[in-house]
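Given next are the chains, with one letter for each unit.
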Amino acid sequence: MGDWKLRQSIAAEAARLIVQGKESDYYAARRKAARVHRRQRPRAEEMPTSSEIQEQVYALAGLFKAEQQSSALRAMRAAAWELMRLLVDFDPRLTGDALTGPILAGAEMRLRLNAGELEPATAQLARAGIELQFVSANTDGAGSPARLKLFYRFPCEISAGEPLGDEWNLPRLEAELAVPEDDEDLPAEEDEPDTDEDGYHPDAIPTMRMLLQALERVKLNPQRHPEGDALYHSLQVYELGLELQPYDEEFLLACLLHDVGYAIDRRDPLGAARDAIEHLVTPRTWFLIENRQAAVEYLTTGRIRGSLRKSEHFEDLISLAQCDQRGRVCGAEVSTVDEALDYITGLGAAWDDA
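Residues numbered from 1 in each chain as written. Predicted model: local features only at pLDDT ≥ 70, side-chain atom pairs only at ≥ 80, totals over all residues. Heavy atoms only, no water.

Caption draft 1: Representation of the overall build of the protein. Across its full length, the protein carries 16 helices and 5 strands. Evaluated residue by residue, the protein yields a buried proportion of 53% over its 354 residues. Taking as baseline every contact in the protein between residues at least 6 positions apart, the subset at least 24 positions apart corresponds to 69%. For the protein, the exposed area adds up to about 17,300 Å²; of that, 47% sits on carbon and sulfur atoms. (Helix = DSSP H or I, 4+ residues; strand = E, 2+ residues; numbered from the N terminus. Buried < 20%, exposed > 50% of the residue type's maximum accessible area, 1.4 Å probe, protein only. Contact = heavy atoms within 4.5 Å. Areas by Shrake-Rupley, 256 points an atom, 1.4 Å probe, with all protein chains shown as cover.)

Here is the structure:
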């Protein structure tokens, strides 16, 4: 079995273990899944990344079901557009599932570069901080790679070759997405993600719901968290935030999502959360989540980086840390995940109607 197929098989098995509640984090699920497909310890290049497992979890959790096809297709095209903007010097063309649909489990966007080799594109992706998951060499093992695999909100394959008649170039994709002309000169990393009518990325709420529900399987240290699991703790933090700032959508979302990384990788929860939700929330919400632990330590030691102390969001950061410290009570009454998400996402509409 080739490296890529083996990685996908391990990722699918790991996702099944997580969705079925047999494992609570991606690291443990990945190791158990690897034993199903390999008698010997897999090489590093044969092991899927958290992003690859995450994509399979999304599929199993129903993110790509039929009634969400329109938003899923647009979300994939928006992600392809950002990558094509980044690789505009190579005359990228869109093909594959993002062009034709439907967006089902295992769907991927494919880009063909009108270039003789992929090495310059590889360097461009590296400069943008996009990690390659798989690089396929040419059959003779020499020269530029034949194709690249990466995860950018969706699985993506990049190859080089002459354009074909049924592919979309960047202007054609922009016309399909109706991208405003005023945005044409923005660098790719500053582009806003495609959003639905409530101001959220189309896959934001399903992703948040899935990650939050997975927190119920994450058991916390009973000495520090007598309340039990990470979901119950997160909902308590949300309730405390609701008492403090009931109309602050960004702050409440930070309270609710501050620990979702533990549902993915307990060894690096912040890095896992960054991959999963940073592009789905506002910069202020992510700032609060990213620096929450530093604020918790500040409550104990009185020490914190000067840049955080000078931040306009410093008081909100401390409020989040205080809610985090207080949200550890056995038997506290909390909302459900759906109730919390419905309230938060309804705040924007409430302001629009005011």
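The rest of the description comes next.
Caption draft 2: Broad picture of helix α8 (residues 204-214). Across the 11 residues that make up α8, a large majority, 9, are buried. Here α8 has its buried residues at Ala-204, Ile-205, Pro-206, Thr-207, Met-208, Met-210, Leu-211, Leu-212 and Ala-214.

Caption draft 3: Broad picture of the pattern of salt bridges. Under the criterion given, the structure shown has 15 salt bridges. Of the charged contacts, one joins Glu-157 and Arg-147 as a salt bridge, the two residues approaching to 3.4 Å between their closest N and O atoms. Here Glu-157, found in strand β5 (residues 154-160), pairs with Arg-147, found in strand β4 (residues 147-152); they are 10 residues apart in sequence, far enough to count as distant. Judged by its relative accessible area of 16%, Glu-157 is buried. Assessed through its relative accessible area of 26%, Arg-147 is described here as partly exposed. Salt-bridge contacts for Arg-328 lead to Asp-324; the nearest nitrogen and oxygen are separated by 3.8 Å. Judged on exposure class, the residue Arg-328 and its partner Asp-324 are both buried. (Salt bridge = Lys/Arg side-chain N within 4 Å of Asp/Glu carboxyl O.)

Caption draft 4: How the structure looks around the packing of helix α11 (residues 269-277) against helix α12 (residues 283-290). Remark: α11 packs on α12, axes separated minimally by 11 Å, with the N-to-C direction vectors making an angle of 165°. The angle between α11 and α12 falls in the class roughly antiparallel. Between α11 and α12 lies a crossing whose hand is right-handed. From α11, Leu-270, Ala-273, Arg-274 and Ile-277 reach across to α12, where they touch Trp-286, Ile-289 and Glu-290. Grouping the amino acids of the contact of α11 with α12 by side-chain chemistry returns 5 nonpolar, no polar and 2 charged. (Axes fitted to C-alpha atoms, helices over the stretch in contact; angles between N-to-C directions. Parallel < 35°, antiparallel > 145°, perpendicular 65-115°, else oblique. Left-handed = near helix turned anticlockwise from the far one by under 90°. Nonpolar A, V, L, I, M, F, W, Y, C, P; charged D, E, K, R; others polar.)

Caption draft 5: Summary view of a negative patch on the surface. On the surface, a cluster of negative charge is made up of Glu-131, Asp-268, Asp-275 and Glu-278. As for its position among the elements, Asp-268 is in the loop between α10 (249-257) and α11. Exposure remark for Asp-268: the relative accessible area of 41% places this residue in the partly exposed category. (Patch = residues over 30% accessible without salt bridge, like charges linked within 9 Å, V, L, I, M, F, W, Y side chains within 5 Å. Lys, Arg positive; Asp, Glu negative; His and termini not counted. Charge placed at Lys NZ, Arg CZ, Asp CG, Glu CD.)

Caption draft 6: View of the packing of aromatic side chains. In this structure the tally under the stated criterion is 1 aromatic pair. Seen from their ring centres, Tyr-298 and Phe-314 are 5.7 Å apart, and the 70° between their planes marks the pair as edge-to-face. Separated by 16 residues along the polypeptide, Tyr-298 in helix α13 (residues 292-301) and Phe-314 in helix α15 (residues 314-326) bring together distant segments of the chain. Of the two residues, Tyr-298 and Phe-314, both sit in the buried class. Over the ring of Trp-168 we find Arg-172; its NZ or CZ atom is 4.2 Å from the centre of that ring. (Phe/Tyr/Trp six-rings, centres within 6.5 Å; stacked < 30°, edge-to-face > 60°. Lys NZ or Arg CZ within 6 Å of the ring centre and 35° of its normal.)

Caption draft 7: Layout of the environment of Ala-321. Take Ala-321: it is sitting in helix α15. Among the residues examined, Ala-321 registers a relative accessible area of 0% and is labelled buried. Residues Ala-321 and Cys-255, spaced 66 residues apart in sequence, show a C-alpha to C-alpha distance of 9.1 Å. In this structure, Ala-321 is in contact with Arg-292, Ala-295, Val-296 and Leu-299, ignoring residues within four places of it in sequence.

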